[in-house]
Every structure is written in C-alpha cells, then in structure tokens.
Amino acid sequence: MSSAGDRRLPAMDTAVLEFVRRRTETTRVEIARELGVTAATVTNSVKRLLAAGLLWESGHARSTGGKRATLLRVNDAARRALGCTIDEDRLSLVAVDTTGALQSRVVLPLADATDATEVVAGVREGLAALVPGDELSAMTGIGFAMPAHLPEEVARALGTLTAELDVHSVRGREATCAALGSFWSGEQAGSGLSGTLHLGSTTMLALLLDGIPFRPDSGRPLDHIRVDPDGPACPCGRRGCLHLYVAPSGIADLSRTALAASRGDESAESQVRAAALPLMRIAANLATAVGLDTMVLAGTPVQAAPAIYLTAAQQYFAPDDATRLVISQVQPHPCAVGAAVLALQTFWTTGRR
Ligand SMILES: [Zn+2]
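**Here's the deal with helix 12 (residues 334-347)**
The end-to-end C-alpha distance of helix 12, which contains 14 residues, comes to 20 Å, matching closely the 20 Å that a straight helix rising 1.5 Å per residue would cover. Across the 14 residues of helix 12, twelve count as buried, placing the element largely inside the fold. For helix 12, the set of buried residues is Pro-334, Cys-335, Ala-336, Val-337, Gly-338, Ala-339, Ala-340, Val-341, Leu-342, Ala-343, Leu-344 and Phe-347.

**Here's the deal with the pattern of salt bridges**
Within the structure shown, the criterion is met by 13 salt bridges. In this structure, the salt-bridge partner of Arg-48 is Asp-13, at a minimum N-O distance of 2.8 Å. Of this pair, Arg-48 sits in helix 3 (residues 39-51) while Asp-13 is found in helix 1 (residues 11-23), placing the two residues 35 residues apart along the sequence. Assessed through its relative accessible area of 36%, Arg-48 is described here as partly exposed.

**Quick word on the coordination of the zinc ion**
Note on the zinc ion: its protein donors are His-224 (ND1), Cys-234 (SG), Cys-236 (SG) and Cys-241 (SG). The metal-donor distances range over 2.0 to 2.3 Å. Classification of the site at the zinc ion rests on its four donor atoms, whose angles at the metal span 102 to 113°, yielding the label tetrahedral. For the zinc ion, the donor residues sit on a single chain with the sequence spacing H-x9-C-x1-C-x4-C. For the pair shown, Cys-234 and Cys-241 are each scored as buried.

**Topic: the nonpolar core**
Counting residues in hydrophobic clusters, the biggest one holds 43 residues, and the most contacted among them are Leu-17 and Ile-31. Among the elements of the structure, helix 1, helix 2 (28-35), helix 3, strand 3 (70-74), strand 5 (90-97), helix 6 (174-184), strand 10 (203-209) and helix 12 are those that each provide at least two residues to this core. Counting residues per element, this core draws most heavily on helix 12, which supplies ten residues. Core analysis: the second largest hydrophobic core is formed by 37 residues, Leu-205, Val-246, Ile-251 and Ala-268 among them.

**Quick look at the side chain of Gln-303**
Inspection of the secondary structure puts Gln-303 in helix 10 (residues 300-304). Once residues within four sequence positions are removed from consideration, Gln-303 is found in contact with Ser-328, Gln-329, Val-330, Gln-331, Pro-332 and Pro-334.

**Brief notes about the sheet that holds strand 2 (residues 55-60)**
Across the sheet, which stays open at both edges, the three strands sit in the order 1-3-2 with antiparallel pairing between neighbours. Two strands in the sheet have a free side with no partner beyond their single neighbour: strand 1 (26-27) and strand 2. In terms of strand pairing, strand 2 meets strand 3 through five bridges, oriented antiparallel. The partner of Glu-57 across the bridge, within strand 3, is Leu-72. The strands touched by helix 1 within the sheet are strand 1, strand 2 and strand 3, with strand 3 carrying the most contacts at an inclination of about 95°. Helix 3 rests against strand 2 and strand 3 of the sheet, and its axis sits at about 110° to strand 2.

Reading guide: rules and limits
Residues numbered from 1 in each chain as written. Predicted model: local features only at pLDDT ≥ 70, side-chain atom pairs only at ≥ 80, totals over all residues. Heavy atoms only, no water. Helix = DSSP H or I, 4+ residues; strand = E, 2+ residues; numbered from the N terminus. Expected span 1.5 Å × (residues − 1). Buried < 20%, exposed > 50% of the residue type's maximum accessible area, 1.4 Å probe, protein only. Salt bridge = Lys/Arg side-chain N within 4 Å of Asp/Glu carboxyl O. Donors = N, O, S within 2.8 Å, 3.2 Å for Na, K, Ca; no water. Tetrahedral: all angles 85-135°; square planar, octahedral: opposite > 155°, others 65-115°. Core = buried A, V, L, I, M, F, W, Y, C linked by side-chain atoms within 4.5 Å. Contact = heavy atoms within 4.5 Å. Pairing = 2+ DSSP bridges. Axes fitted to C-alpha atoms, helices over the stretch in contact; angles between N-to-C directions.

Shown next as structure tokens:
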C-alpha cells in the first residue's frame, strides 16, 4: 500500500497552489496580498511547493521600479489523477493533470450498475485504456462520484479493486463532484458562493464557497420537494414530487430524450422542456433563498440539450438577476472530472507521487 498520509500538503500550501492555478501566472507579492498572509508565509510555502515540483518559476514580471518579481506557475505535468462516475447505463473515466485539465477519457456502457462484478470489470477495463499498467501506481489517486443508492457491495468491490491496484481512492457525492468539475473547468467565477444543481441518480444542490465544497455531506436530495399537491402519485405516498416532473422515466431515459431533442425531434423537445420548467422554478427559488452568486445546472440531460434548459431557465432567472446562470458543459462528464479533482485535492502531497 502507498503511504502518502504523512506527506500531505499543509493547508497554506494548498491555498497557494489553488491561487496560482486560478491566476495561471502570479507572483509571491500578489499571493500574499490576495490571501491576506505575510510575505514570509508565502515564501516558505512556495519553497515547499517548488521543492515538491508542484510549482515552477516561469520568468520575471515587468519591472515596477524595484527588483523584478519572479512569476510562478503550476507545473501541470507534476501529478495526474483519475476520476470515475457510475451512471445507470455507463461508466465515465478521465485522467486530469495538476491543473485539472482533461488528458484522456473513456466511456463504457453498463448493463447493470448495481452488479458489482460488472462495475469492477468495467472500471478495470477503463483504467487499462487510460493508463498503462506500470504507471497506475504513480497516479495521485482516483476519485469516484458515487450515485445515491449504489449498493454497498459495489462500493466495497471498488475499494478492493483500488487496494489491489495500489491506487489511493476517495468517494464523493455526484453533485459535489459536478460542482468541482465545473469550477476547475473555469465555468464559475474564482470566488463567491455557487450552487450546482445536478441531475443524476437524484437531483441535488452542492454548494462551493470560493471553489471549496461547503458542507459536502449535508443537504438532501430535492426529489420529493412538492411541486403540485394535485400532481401524480409518488411512491413516497404523497403527490406531485419534483422528480416526477424533472425525470418522469428516469435520468438515463431523459438523457436519451434530450439527445433526440437536440437532433431536432420535436416531440422529444417538448418533453424535455416540460421537464425543465419545474426544475428551473425550484432552481430560481433556491438561488434567491441562498443568495447564490452563480447557479450551475449540470447532468447528462442538461449536457445533451443545453439550449432547452437555458430557455427554460430564462423564464425564471431575469437577465439582471444577481445570480449568474451557467449551463455546465464539462466533457465528457462533470462528475468524472470533479471526482479526479477531489482525488487531487485529497491526496496532494509533497512526495513525488
Ligand atoms: Zn415523493
């Protein structure tokens, strides 16, 4: 087994690294000013990050009178991480570099996402396609975006697989991973409060504060928020629950309908529009209640038919709204990219892993 635990980056180093990543190129003076810490703190932190190969000095800033400041950049080749998301009908796996940029991707069909043997075989096949076997243990880690209600035996089997492959693994909620994938892909502003409404195995809202998951394990699925007390009966015993409108026949089916809509099928288009409107009403209410700077819509149906969701959103989000609206378009899957980011953030080390 690998042992990175004792070499984890101090929180200050992680903050510095994240700041440099967002700026692409910056100086020690700017880092100290923007993070509100002393020059000595930044100097020590940068020294560790340079020694670890995570940052490099890329030149000198233009002179402002005194000595020219050294420019710093993230060494994008320093680390690689993997992300995996398990949807009802497919597995998506990605490899990203230190900056979160997508390097390679694999999507594999799944007949039964609750079958541990099939899921493990799929992940193994996907990893073999993404990373040559002898490089696997050099990866920083793998993140799994976990669907709600995934049988415990599938989770256990994935744990056994990653232990056997000697790769660190971390699990996150789908919505949290979708939020991180969107943030690291540059879809959101660098600071402020963002909410990502993710259509996956459940519909959930994940909050990021300045790009960091805010209480990632709190919050509940929005599926049984009541949209219409006279609506269709829900298995929960009540009527008119949100999921009956958002994805009446399941997310995989809605994604297929959304794809047909994007190819010009008019009946599919009206079905997706009808599904999008109640969702957007809830989204707008949440954005106002929480005071979001950015509201991100994510999930495979949204990705398949972004224009329909955007038009539906415009019914509820005014152009002068305080909340900026983003339709997430992270390829191949925001959760897979976000899960890899989660692995990067969890297993940042000063070691050469
Ligand atoms: Zn219900």
